[in-house]
Amino acid sequence: MHRVLEDPEQYPISLKFGWPKLSTNEKIFLASMFYPLFAIASQLSPEPRSSGIQVLETASYQLHCFQTLTGVKFLAVVDPRQTGVEALLRRLHELYADFALKNPFYSLEMPIRCELFDTHVRSALESAEKLGVANV
Amino acid sequence: MTMSLEEESRLLYGMLFSLKSFSNRISPLDVQEGVQCYTTNKYKMTLFETPTSLKFVCNTDVNAPGVNEMLQKLYTQVYVEYVIRNPECKPAEPITSELFKAKLDETVRMSPAFSSKAA
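Residues numbered from 1 in each chain as written. Chains lettered and ligands numbered in written order. Predicted model: local features only at pLDDT ≥ 70, side-chain atom pairs only at ≥ 80, totals over all residues. Heavy atoms only, no water.

As annotated in an unreviewed UniProt entry, chain B carries the name Trafficking protein particle complex subunit and comes from Amphibalanus amphitrite. Per UniProt, chain B has the following entry under Subunit (unreviewed entry): "Part of the multisubunit transport protein particle (TRAPP) complex." Chain B has a UniProt comment under Sequence similarities (unreviewed entry) that states "Belongs to the TRAPP small subunits family. BET5 subfamily." (UniProt positions renumbered as here; feature names shortened; annotations may be inferred.)

The name given to chain A in an unreviewed UniProt entry is Trafficking protein particle complex subunit, with the source organism recorded as Amphibalanus amphitrite. We quote the UniProt Function (unreviewed entry) comment for chain A here in full: "Core component of the TRAPP complexes which has a function of guanine nucleotide exchange factor activity for Rab1 GTPase. Plays a role in vesicular transport from endoplasmic reticulum to Golgi and autophagy. May play a role in dendrite postsynaptic membrane trafficking." UniProt, in its Sequence similarities (unreviewed entry) section for chain A, records the words "Belongs to the TRAPP small subunits family. TRAPPC4 subfamily."

What follows is the structure, given as structure tokens:
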């Protein structure tokens with residue numbers, strides 16, 4: 001790390017600091033934990049026909065959930081000050097439909113391994129980040 | 001939807017328990033602070049947890065203001081005053097005190113969340 005920073009040939013340099021990425025298995029594990037919470041939240045509702053959890057807030061972050069009509073859930077863990085998360089998740093849904101579902105090599109229910117999808121998600125995240133602070 | 005009070009409280013407790021472990025696992029930061037609230041399209045659940053993991057939960061309208069403050073007030077000004085300082089109330093038993101009930105009602109009625117719903 002220091003060697004990279006000291007080498008003048010590396011500049012201009014762009015650095016990003018973040019949490020180590022979760023493995024796919026951990027993500028599946030977390031998603032399967034969220035699923036019953038989502039279902040119970042709609043059961044516990046004082047009013048009939050409530051949706052599941054849409055926003056989960058803690059002091060340090062917010063979890064936004066967008067459920068599509070077909071039941072696919074998009075989740076984003078963001079800073080509490082972030083705005084426009086709803087729009088971001090809708091955009092991700094659009095990208096999912098365009099680059100995953102319309103891809104003949106993609107099989108349903110499997111992790112998405114498609115470069116075009118990844119680059120578009122990344123650019124969507126970056127444009128959302130310009131409007132605030134995002135972290136997925 | 002019909003559900004007995006006991007059934008509902010069991011379900012709620014189980015949910016809060018798993019919600020807590022879920023939120024700690026998914027947290028992007030090291031500091032682990034519990035869930036404050038979640039929102040659905042019909043209601044909002046606000047949770048206030050004391051350091052001794054006593055939990056105060058209130059389900060409100062999505063836009064109800066100051067619910068967290070109200071729950072903190074319930075703890076400091078109602079629960080501590082009328083339950084902890086009441087020798088008749090034993091811990092881990094349902095609270096039967098009438099005075100507690102009256103004060104609880106009064107505090108909830110005074111909170112901005114209550115009046116904003118009536119408006």
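Enquirer: Talk me through the pairing of strand β3 (residues 55-60) of chain B; I want residue IDs and the actual numbers.
Expert: Residues and elements named next belong to chain B. Residues Phe-56, Cys-58 and Thr-60 of β3 are buried on one face, while the alternating residues Lys-55, Val-57 and Asn-59, pointing to the opposite face, are not. Across six bridges, the pairing between strand β2 (residues 44-49) and β3 is antiparallel. Within β3, the position partnered with Glu-49 by the bridge is Lys-55. Between the end of β2 and the start of β3, which pair antiparallel, lie five residues, with Ser-53 showing a positive phi angle near 55°. (Buried < 20%, exposed > 50% of the residue type's maximum accessible area, 1.4 Å probe, protein only. Helix = DSSP H or I, 4+ residues; strand = E, 2+ residues; numbered from the N terminus. Pairing = 2+ DSSP bridges.)

Enquirer: Break down the pattern of salt bridges for me, with residues and values.
Expert: In total, this model carries eleven salt bridges over all chains according to the counting rule given. Between Glu-86 of chain A and Arg-90 of chain A there is a salt bridge whose closest N-O contact spans 3.1 Å. Of this pair, Glu-86 of chain A and Arg-90 of chain A both sit in helix α3 (residues 85-101), four residues apart, roughly one helical turn. The partly exposed category is assigned to Glu-86 of chain A, whose relative accessible area is 44%. Between Glu-6 of chain B and Arg-10 of chain B there is a salt bridge; the shortest N-O distance is 2.8 Å. Residue Glu-6 of chain B and its partner Arg-10 of chain B are both found in helix α1 (residues 5-26); the two are separated by four residues, about one turn of the helix. Neither residue differs from the other here; Glu-6 of chain B and Arg-10 of chain B are each classed as exposed. (Salt bridge = Lys/Arg side-chain N within 4 Å of Asp/Glu carboxyl O.)

Enquirer: Tell me about a positive patch on the surface, residues and numbers included.
Expert: A cluster of basic side chains, namely Lys-21, Lys-27, Arg-113 and Arg-122 of chain A, defines a positive patch on the protein surface. Checked against the element boundaries, Arg-113 of chain A lands in the loop between α3 and α4 (115-131). (Patch = residues over 30% accessible without salt bridge, like charges linked within 9 Å, V, L, I, M, F, W, Y side chains within 5 Å. Areas by Shrake-Rupley, 256 points an atom, 1.4 Å probe, with all protein chains shown as cover. Lys, Arg positive; Asp, Glu negative; His and termini not counted. Charge placed at Lys NZ, Arg CZ, Asp CG, Glu CD.)

Enquirer: Lay out the domain arrangement of chain B in plain terms, naming residues and giving numbers.
Expert: Residue and element names in this part refer to chain B. When its domains are assigned, chain B resolves into domain 1 (1-35) and domain 2 (37-118). Relative placement of domain 1 and domain 2: their C-alpha centres are 17 Å apart. If you look at the interface, domain 1 gives seven residues, while domain 2 gives seven residues. Carbon and sulfur atoms make up 71% of the surface buried where domain 1 meets domain 2, a total of about 640 Å² over both sides. The largest per-residue losses of area from domain 1 upon contact with domain 2 belong to Leu-16, Lys-20 and Val-35, which jointly make up 62% of the total buried on that side. Across the domain 1-domain 2 interface, the total number found is one salt bridge. Lys-20 is paired through a salt bridge with Glu-49; the nearest N and O atoms lie 3.3 Å apart. (Domains from an automatic or database assignment. Contact = heavy atoms within 4.5 Å. Buried area = accessible area lost by both parts, 1.4 Å probe.)

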